[in-house]
Amino acid sequence: MSLLALNPLVKPDIGLLFWTTVTFLILLVLLRKFAWKPILNAVKAREASIDNALASAENAREEMAQLKSDNEKILKEAREERDAILKEAREIKENTINEAKEKAAGEAKRILEDAQEQIENQKMAAITELKNQVGEISIAIAEKILRDELADKGKQQALVDEQLKDFNLN
Amino acid sequence: MSFAAIGAGLAVIGAGIGIGQVGGRAMEGIARQPEASGKIQTAMIIAAALVEGAALFGIVVSLIA
Amino acid sequence: MHKLLNFSALASLTVLLSTNAPLYAQGHEEHGHKGHEHIITVHEDVEVHGERFPETENEEGDYDPTPVIMHHIQDAHSFHIYGEGHEAVSVPLPVILWTEKGLVTFMSSEFHHDSHGHHVVEKKGMYFVNYHEDIFQLERPDETLTLDEEGHPTNTQPLDFSITKNVFTLFLACILLFLIFGTAARKYKNAGHKVPRGIASFVEPLVVYVRDDIAKANVGEKKHEKYMPYLLTLFFLIWVINLMGLIPFFPFSANLTGNIAFTMSLAVIAMFVVSFSGGKAYWKHIFFPKPWGVWPILMPIEFASNVIIKFFALMIRLFANITAGHIIVLSLISLVFIFQSVGMAAVAVPFALFISVLELLVAALQAYIFTLLVALFIGQAVADDHH
């Protein structure tokens, strides 16, 4: 006691001890209810909402990237499809042209062949007719000669010979 | 002048050297690793408080004596 | 009392005050002897023995700043505004006493500015005097205080629960805190998830700082929330009272955080908070420290350091820092009166300003350190066993 009584600065005053303890505890309860809880909760809620916003922004970014890559994929596919279609079309075109060409060539050949055949046929027909005519003519000549020369036997013989010499050409 | 006052002075000298060391080393640490300055600062203050605590006992004794 | 002044001189103002130190010492030694005669000669009718509250002048006419400084840094039953002696202007505060006849209350103005044990106030048939801001009870109205060899009254002292200058300051600080943080909290209701404007935007960084850098960093991410209201209240109460103490006029200027009873109260509360949050691992560490060979030595040391000394240091640290700050500022201003020259103000005022600005930092720093260390102790107490 005497130790503490020596210097009033280090002598704790019972009244102030009492008031400080009581006041501090009351202040703690009051501030806890009316200040700290609302402030801390609001700050916490805001931080949570900021975190959420950041997370959703991140999500949106990822989705965007996903969408972009999807788009690119679709575009690529479309491009490929277009290329394929074009290629096919080109092939079809070429095929068509080739076919047409072949067909035309074939037709032309056939027409030529037909024409040659016809020509050949006509030639043969003409030759046959010629032969026939030649035969008729020969017969007619022979008849005539025979008529003329039947009287004169010598002369007939000479005529036949002479005539035959002329018809030897064919 | 009393002996207690001299004792208080000696306690303060000790604390001064101690806190000077703590602060100086903390500065070096921060200079070497600026990114750790927050942690160094906290540790520095705690160490300084402990050194100061020792000096305060000396001062209280000199106040009571 | 002058020892404290010498401490502050040694601590912070060696150069400045070393020129005056012999003056103080001389003044006091003489005062100690002659003050006795002085009182007896002046107040022969009231036989008061021992030293009086020191006068502001000693016998050689030199100004002695100690009484003024001591008066400032100690508690009082009324709030002094200006003036001296019976012409002083002060705000009376309620005196609340618990005596053998129950509660006694009256205003401090009934003492008529007397703190030398002269003016007797009669209540419920009991007689009270104010002696150096301690209330003593007398048997008869014409009785005087009986002092022991050291000058301390031996009369009975009723339990003094008065609303003193410091208690008044405490209430004022609480009202201020409640207004500031209550208003800030209300701003959040309207703001929703947006950042609130006004006082809340000023308060929020501080609250978040206490939460992140003091509580979360030291108590731990998981368990800090439970302790947030306590740590926040502690931090802001100490800070606001520190700042109020730096404002040199009514209704501020009280040296509340530099009062041992106030810091003791906070330290005891901190002790209870830490001890009750201590888990199994914490108490095991205190009562069964390893290695076993030195258990008889280590156990008392662990117990004393964890349960008592930590908090004793908290109490002393805040008290000594704030009191020293107040003493230094007042000592510097006192230089004007010691040298009895206004020219001295050219030196004293810039120095006092410098120290005051430093004290602004100390005000925040001490609040921070007190809260930080309490958070650290709580963190140690709630930590799980890692061994």
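Residues numbered from 1 in each chain as written. Chains lettered and ligands numbered in written order. Predicted model: local features only at pLDDT ≥ 70, side-chain atom pairs only at ≥ 80, totals over all residues. Heavy atoms only, no water.

Below, the discussion takes up the interface of chain A and chain C. Tallying the contact residues gives 36 residues for chain A and 56 residues for chain C. The contact between chain A and chain C buries some 4,000 Å² in all, and 77% of this surface belongs to carbon and sulfur atoms. The three residues of chain A that bury the most area against chain C are L9, F24 and W36 of chain A, which together make up 19% of that side's buried surface. Run the count over chain A and chain C and you get 4 salt bridges. Across the pair R211 of chain C and E47 of chain A runs a salt bridge, and its minimum N-O distance is 2.8 Å. Linking chain A to chain C there are 8 residue pairs in polar contact (both at pLDDT 80 or more). Here the side of chain A that touches chain C takes 28 residues from helix α2 (residues 14-149) of chain A, the largest share from any one element. Tallied by class, the residues present in the side of chain A that touches chain C amount to 25 nonpolar, 5 polar and 6 charged. (Contact = heavy atoms within 4.5 Å. Buried area = accessible area lost by both parts, 1.4 Å probe. Salt bridge = Lys/Arg side-chain N within 4 Å of Asp/Glu carboxyl O. Polar contact = N/O pair within 3.5 Å; in protein donor to acceptor, adjacent residues only side chain to side chain. Helix = DSSP H or I, 4+ residues; strand = E, 2+ residues; numbered from the N terminus. Nonpolar A, V, L, I, M, F, W, Y, C, P; charged D, E, K, R; others polar.)

This part takes up the packing of aromatic side chains. Scanning all chains against the criterion turns up 26 aromatic pairs over all chains. A centroid spacing of 6.0 Å and a plane angle of 85° characterise the contact between F24 of chain A and Y230 of chain C, whose relative ring orientation is edge-to-face. On the criterion of chain membership, the pair formed by F24 of chain A in helix α2 and Y230 of chain C in helix α7 (residues 224-246) is interchain, its members lying in two chains. Under the relative-accessibility criterion, F24 of chain A is labelled buried at 1%. Plain terms: the ring middles of Y63 of chain C and F337 of chain C are 5.5 Å apart, the flat faces sit at 40° to each other, and that makes the pair tilted. Of the two residues, Y63 of chain C sits in the loop between α3 (21-42) and α4 (66-73) while F337 of chain C sits in helix α10 (residues 295-338), which places them 274 residues apart along the sequence. Ring pairing ties together the aromatic residues W36 of chain A together with F181, F235, F236 and W239 of chain C, which thus form one cluster. Sitting above the plane of the F79 of chain C ring, K165 of chain C keeps its charged end 5.3 Å from the centroid. (Phe/Tyr/Trp six-rings, centres within 6.5 Å; stacked < 30°, edge-to-face > 60°. Buried < 20%, exposed > 50% of the residue type's maximum accessible area, 1.4 Å probe, protein only. Lys NZ or Arg CZ within 6 Å of the ring centre and 35° of its normal.)

Our next topic: the side chain of S253 of chain C. Residues and elements named next belong to chain C. Positionally, S253 belongs in the loop between α7 and α8 (260-277). According to the relative accessible area criterion, S253 is buried, its value standing at 9%. Residue contacts for S253: discarding those within four places in its chain leaves H72, F79, M244, G245, I247, P248 and H326.

Before going further, it helps to examine the domain arrangement of chain C. Residues and elements named next belong to chain C. When its domains are assigned, chain C resolves into domain 1 (2-17 + 167-382) and domain 2 (26-163). In this complex, domain 1 contributes 22 residues to the contact, which on the side of domain 2 involves 15 residues. At the boundary of domain 1 with domain 2, the tally comes to 0 salt bridges. Mapped by element, the contributors of at least two residues to the side of domain 1 that touches domain 2 are α1 (2-12), α5 (165-191) and α10. Among the elements that take part in the side of domain 1 that touches domain 2, α10 stands out by supplying 8 residues, more than any other. Looking at the side of domain 1 that touches domain 2 residue by residue, the classes come out as 12 nonpolar, 10 polar and no charged. (Domains from an automatic or database assignment.)

Working definition: two side chains of opposite charge can pair if their charged atoms are close together. By the definition in use, this model includes 13 salt bridges over all chains. Linking R211 of chain C and D212 of chain C is a salt bridge whose minimum nitrogen-to-oxygen distance equals 3.0 Å. What emerges from the salt-bridge pattern is a single network uniting E47 of chain A together with R211, D212, K216 and E221 of chain C.

Residues and elements named next belong to chain C. With respect to the element layout, A324 can be found in helix α10. Taking the relative accessible area as the measure of exposure, A324 reaches 13% and is therefore buried. For A324 and I73, which are 251 residues apart along the polypeptide, the C-alpha to C-alpha distance reads 9.5 Å.

Where nonpolar side chains cluster on the molecular surface, the patch consists of F3, I6, L10, I13 and I17 of chain B and spans about 590 Å² of accessible area. When you line up the elements, I13 of chain B lands in helix α1 (residues 3-32). (Patch = residues over 30% accessible without salt bridge, like charges linked within 9 Å, V, L, I, M, F, W, Y side chains within 5 Å. Areas by Shrake-Rupley, 256 points an atom, 1.4 Å probe, with all protein chains shown as cover.)

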